Amino acid sequence: DIAAVSLDAVLDEVLPLVEVQAAAKGLVLARGPRDVTARAWADARKLEQVLLNLLANAVKFTPPGGRIAVTVTSRLDGADGGRPDLLFVRVADTGPGIPADQEARIFEPFRRADTEASQAVEGTGLGLAISRDLARGMGGELRVRCREDAGAAFTVALRRVGEGSAAADSRASA
């Protein structure tokens, strides 16, 4: 059910669901810079499911005292000059990260990173595979960028509603 969705409203629904677990583990859950008017073409419930999975994973894999940051931006990594047709929701943590040679495998069903941290945490290895499929079903993408021993950053890219995306707006409303 693709519609114009407020990313701020989606985060308002999802963040309280993980705040208690993050606090119990001594994690700082920070909501970074955001544009409260940012809207993307998405299925609100499916996007909530994707973000909840990313946040729950961040809580599971980030050691006590760590930090999880959630941001909404039109710039990916701050160096690409921005994408007026896309919005990015990023969940970044200070956990153990994932070795570069295993980044692709974590999106395969029933596959997890082959690391000590991954083996110590329960899970089926389905969450990221489902989340990527859901992101793609909304016309978006789910990516990861990691630095081993320095955390992971998962980014959901979605088509922006409004300025800079007139072609996408007309296709979505047709």
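Preceding this section is the structure that the text describes.
Keep in mind it's a predicted model, so treat the numbers as computed, not measured. (Residues numbered from 1 in each chain as written. Predicted model: local features only at pLDDT ≥ 70, side-chain atom pairs only at ≥ 80, totals over all residues. Heavy atoms only, no water.)

A. Representation of the sheet that holds strand β6 (residues 141–146) in the model. The sheet built from five strands is open, its strands ordered β2-β4-β5-β7-β6 with mixed pairing. Sheet topology places β2 (28–31) and β6 at the edges, where each strand pairs with a single neighbour. Averaged over all adjacent pairs, the angle separating strand axes in this sheet is 15°, with direction ignored. Examined bridge by bridge, strand β5 (residues 86–93) and strand β7 (residues 152–159) share seven bridges and lie antiparallel to one another. Bridging across to β7, arginine 90 finds its partner in threonine 155. (Pairing = 2+ DSSP bridges. Helix = DSSP H or I, 4+ residues; strand = E, 2+ residues; numbered from the N terminus. Axes fitted to C-alpha atoms, helices over the stretch in contact; angles between N-to-C directions.)

B. Region of interest: the packing of aromatic side chains. According to the stated counting rule, one finds one aromatic pair in the structure shown. Ring geometry for phenylalanine 107 versus phenylalanine 154: centroids 6.4 Å apart, planes at 75°, classification edge-to-face. Highlighted residues: phenylalanine 107 in the loop between β5 and α3 (116–119) and phenylalanine 154 in strand β7, separated in sequence by 47 residues. On the accessibility criterion, phenylalanine 154 (10% relative accessible area) is buried. A cation over a ring is seen here: arginine 132 above phenylalanine 107, with NZ or CZ 3.7 Å from the ring centre. (Phe/Tyr/Trp six-rings, centres within 6.5 Å; stacked < 30°, edge-to-face > 60°. Buried < 20%, exposed > 50% of the residue type's maximum accessible area, 1.4 Å probe, protein only. Lys NZ or Arg CZ within 6 Å of the ring centre and 35° of its normal.)

C. Just the nonpolar core, in detail. If you look at the biggest cluster of nonpolar residues, it comprises 39 residues, and the most contacted ones within it are Leu47, Leu51, Leu54, Phe154 and Val156. Of all elements in the fold, only α1 (7–24), β3 (39–42), α2 (44–61), β4 (67–73), β5, α4 (127–137), β6 and β7 reach the threshold of two or more residues within this core. With sequence-adjacent residues up to four places away left out, phenylalanine 154 is seen in contact with Leu54, Val89, Arg90, Val91, Ile98, Ile106, Phe107, Leu128, Leu142, Arg143 and Val144. (Core = buried A, V, L, I, M, F, W, Y, C linked by side-chain atoms within 4.5 Å. Contact = heavy atoms within 4.5 Å.)

D. Main features of the packing of α1 against α2. Two elements in contact, α1 and α2, have axes whose closest approach is 9 Å; the angle formed by their N-to-C orientations is 30°. One element, α1, and the other, α2, form an angle in the roughly parallel class. Taken as a pair, α1 and α2 cross one another with a handedness that is right-handed. Along the contact surface, α1 presents Leu7, Val10, Leu11, Glu13, Val14, Leu15, Leu17, Val18, Gln21 and Ala22, while α2 presents Leu47, Glu48, Leu51, Leu52, Leu55, Ala56 and Val59. Its residues assigned to classes, the contact of α1 with α2 comprises 14 nonpolar, one polar and two charged. (Parallel < 35°, antiparallel > 145°, perpendicular 65-115°, else oblique. Left-handed = near helix turned anticlockwise from the far one by under 90°. Nonpolar A, V, L, I, M, F, W, Y, C, P; charged D, E, K, R; others polar.)

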